[in-house]
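Chain by chain, the residues run as shown.
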Amino acid sequence: MATGWGSLLQDEQQLEELARQAVDRALAEGVLLRTSQEPSSSDVVSYAPFTLFPSLVPSALLEQAYAVQMDFNMLVDAVSQNAAFLEQTLSSTIKRDNFTARLFDIYKQVLKEGIAQTVFLGLNRSDYMFQRNADGSPVLKQIEINTISASFGGLASRTPAVHRHVLNVLSKTKEAAKILSNNPSKGLAQGITKAWELYGSANALVLLIAQEKERNIFDQRAIENELLAQNIHVIRRRFEDVSEKGSLDQNRRLFMDDQEVAVVYFRDGYMPSQYSVQNWEARLLLERSCAIKCPDIATQLAGTKKVQQELSRMGVLEMLLPGQPETVARLRATFAGLYSLDMGEEGDQAITEALAAPSQFVLKPQREGGGNNLYGEEMVRALERLKDSEERASYILMEKIEPEPFGNCLLRPGTPVRVVQCISELGIFGVYVRQGKTLVMNKHVGHLLRTKAIEHADGGVAAGVAVLDNPYPV
Ligand code: ADP
Ligand code: MG
């Protein structure tokens, strides 16, 4: 059983019976999504897609990913406070990428006016794949870090019971006991709670910026529920509501429907399509306030692909985290090859290499949410088109990670049970809180494993490509 569940995957009838059991347990545990037909209502729901079996993950890599999470928290926090680095890093990108430019405009406006916020809250998720080395051994390589709206911390706490159930049905009780317990939403809520306490106003609320059509509401509710248990009230509002009913007082305290807001938690606002003119105005209002934004605009910018690429440049980690060589070494060990496409020799060289070996690279624009990256033929066409244009600076190139595929069943409403070749992506949730210059909380709070069929190059669970999974440590 080196990479999978072996003969268990061959008995079709058994797989179907197991799948029926797994789906019913998933529904009972609350592994839920609203349907694509009715994304604004919870009247009809279904299960969030998931794997029939937990996927094998080397324990050493799981431990490594956990161990480096506090370093990533510190790194993101350092980048977000370094205006010179952000400005220099994003200067070529914002000339060609309108979305990043709009975010950057808000950042500059807030800097100019003076940042009213004194407490900072980071809830992020660092994602990795397991690169197959030349000798066949797997190595942990970071795909990206999500600093805004990192999701599935709620549902990820419900899936261990489902995989334990499947293994128990097979009388594999020892194996079932190896499935790790996991509760990211509790940890994320602890971060929000800490920030709320430091804000220091007993009646102030948490404002969750929500989308009107939100299939993943149960994931968000898991965090809301944890907060309510601490007697912290959450209101869900859209950007449109903020622009109609949000206001600042003379001390730049934020009020929504006349109630003071301590923490603004964004589960919206990471894609261009989520912003109308009105929504950009609402975002600016929120950023100008002294409420604790999660993330503040600087931390959102710190999560861009361009920043990720610049962090891999020689000497940059040392500059951002001075006197911390061990932290730097841990971080760097997880970096894949990342290449700037800015105009000039370095960018020309990267393009030449990618055109010579397209299967080894991924072309990434400054986007979040899945489905935006270009691979293979599509990447070649894009590079040919962009080669001589300054527009290329709005992209980065990345080494393509090639994990070892394995067999599993991806269970989705309305699709037959069958074994497909898959690869996984591991995410670790990180939480930090900073008050002024002092980091008062820095921790990892759980994991998320997502698995997809190898024929899909891109896309997460929300994009309908990957499904929820659990690591089975080996
Ligand atoms: P997004 O912000 O849209 O989530 P990601 O950088 O996470 O962008 O890429 C989306 C998906 O594309 C990932 O979940 C992963 O499946 C795939 N992917 C991204 N980068 C790589 C890479 N370097 N090698 C292989 N697959 C990748
Ligand atoms: Mg991603």
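Residues numbered from 1 in each chain as written. Chains lettered and ligands numbered in written order. Predicted model: local features only at pLDDT ≥ 70, side-chain atom pairs only at ≥ 80, totals over all residues. Heavy atoms only, no water.

(A) Geometry of the overall build of the chain. If you tally the helices and strands in the chain, you get 17 helices and 20 strands. Computed over its C-alpha atoms, the radius of gyration of the chain comes to 22 Å, within 12% of the 23 Å expected for a compact globule of 474 residues. Considering only C-alpha atoms, the chain reaches an extent of 65 × 55 × 45 Å along its principal axes. Each of the 474 residues in the chain was classed as buried or not, and the buried ones make up 58%. Long-range pairs, those at least 24 residues apart, make up 74% of the contacts in the chain with a sequence separation of at least 6. Put simply, the chain shows about 19400 Å² of open surface, and 48% of that area lies on carbon and sulfur atoms. (Helix = DSSP H or I, 4+ residues; strand = E, 2+ residues; numbered from the N terminus. Rg over C-alpha atoms; globule rule 2.2 N^0.38 Å. Buried < 20%, exposed > 50% of the residue type's maximum accessible area, 1.4 Å probe, protein only. Contact = heavy atoms within 4.5 Å. Areas by Shrake-Rupley, 256 points an atom, 1.4 Å probe, with all protein chains shown as cover.)

(B) Highlighting the sheet that holds strand β13 (residues 338-340). Overall, antiparallel pairing links the 3 strands, which are arranged β13-β15-β14 in an open sheet. Each edge of the sheet is formed by a strand with only one pairing partner; in this case those strands are β13 and β14 (361-365). Averaged over all adjacent pairs, the angle separating strand axes in this sheet is 30 degrees, with direction ignored. Summarising the sheet, β13 and strand β15 (residues 395-399) pair through 3 bridges and their orientation is antiparallel. The partner of Y339 across the bridge, within β15, is L397. Across the face of the sheet, helix α16 (residues 345-356) comes into contact with β13, β14 and β15 while running at roughly 130 degrees to β13. Across the sheet, helix α17 (residues 376-386) touches β14 and β15, and the angle it forms with β14 is around 60 degrees. (Pairing = 2+ DSSP bridges. Axes fitted to C-alpha atoms, helices over the stretch in contact; angles between N-to-C directions.)

(C) The arrangement of the packing of helix α2 (residues 59-67) against helix α3 (residues 69-80) in detail. For the pair α2 and α3, the least separation of the axes is 4 Å and the interaxial angle reads 30 degrees. Classed by the angle they form, the pair α2 and α3 counts as roughly parallel. On α3, the residues touching A65, Y66 and A67 of α2 are Q69, M70 and D71. Of the residues that constitute the contact of α2 with α3, the class distribution is 4 nonpolar, 1 polar and 1 charged. (Parallel < 35°, antiparallel > 145°, perpendicular 65-115°, else oblique. Nonpolar A, V, L, I, M, F, W, Y, C, P; charged D, E, K, R; others polar.)

(D) Representation of the domain arrangement of the chain. Under the domain assignment, the chain is made up of domain 1 (56-156 + 180-336 + 416-473) and domain 2 (338-400). Distance from the C-alpha centre of domain 1 to the C-alpha centre of domain 2: 25 Å. Ranking the residues of domain 1 by area buried against domain 2 places R96, K305 and D458 at the top, with a combined share of 28%. At the surface where domain 1 touches domain 2, the tally comes to 5 salt bridges. Counting across the interface, domain 1 meets domain 2 through 12 residue pairs in polar contact (both at pLDDT 80 or more). At the level of secondary structure, the elements contributing two or more residues to the side of domain 1 that touches domain 2 comprise α4 (83-96), α5 (98-113), β6 (138-146) and α13 (305-311). (Domains from an automatic or database assignment. Buried area = accessible area lost by both parts, 1.4 Å probe. Salt bridge = Lys/Arg side-chain N within 4 Å of Asp/Glu carboxyl O. Polar contact = N/O pair within 3.5 Å; in protein donor to acceptor, adjacent residues only side chain to side chain.)

(E) Expanded view of the UniProt feature "binding site: Mg(2+)" (unreviewed entry) in the chain. Sequence positions flagged by UniProt for "binding site: Mg(2+)" (unreviewed entry) are, in local numbering, E144, N146 and E368. Look at the named residues: they lie 225 residues apart in sequence, but the longest C-alpha span between them is just 9.9 Å, so in the fold they bunch up. With respect to the helices and strands, E144 occurs in strand β6. The residues touching E144, leaving out its near neighbours within four places in the chain, are R125, S126, D127, K305, Q308 and E368. As for its position among the elements, E368 is in the loop between β14 and α17. A residue is classified by how much of its surface remains accessible, and E368, at 16% relative accessible area, is buried. A distance of 3.2 Å separates a polar atom in the side chain of E368 from a polar atom in the side chain of K305. (UniProt positions renumbered as here; feature names shortened; annotations may be inferred.)

(F) Expanded view of the state of the cysteines. Applying the stated rule across the entire model yields 0 disulfides. C294 takes part in no disulfide bond, and the closest cysteine sulfur to it belongs to C290, at a distance of 16 Å. (Disulfide = S-S within 2.5 Å.)

(G) Focus on the site of ligand 1. Close to ligand 1 lie 21 residues; K305, K364, G370, E425 and K452 are nearest. Here G370 contributes a backbone N or O atom positioned 2.6 Å from an oxygen atom of ligand 1. Residue I401 places a main-chain N or O atom 2.8 Å away from a nitrogen atom belonging to ligand 1. Every element with two or more residues in the shell around ligand 1 is listed here: β6, β14 and β15. Residues that form the shell around ligand 1 fall into these classes: 7 nonpolar, 4 polar and 10 charged. Each of two domains, domain 1 (56-156 + 180-336 + 416-473) and domain 2 (338-400), supplies a minimum of three residues to the shell around ligand 1. (Near = heavy atom within 4 Å.)

(H) Up close: the side chain of S126. Among the structural elements, S126 can be located in strand β5 (residues 119-132). Residue classification places S126 among the buried positions, given a relative accessible area of 0%. Of note is the side chain of S126, whose polar atom sits 2.8 Å from the side chain of Q142. If sequence neighbours within four positions are ignored, S126 has contacts with Q69, F72, Q142, E144, I145, L426, G427 and I428.

(I) Structural view of the UniProt feature "domain: Glutathione synthase substrate-binding" (unreviewed entry) in the chain. In this numbering, the UniProt entry assigns the feature "domain: Glutathione synthase substrate-binding" (unreviewed entry) to residues 205-302. Secondary structure content for residues 205-302 is 39% helix and 27% strand, while the C-alpha to C-alpha distance between its ends is 26 Å.

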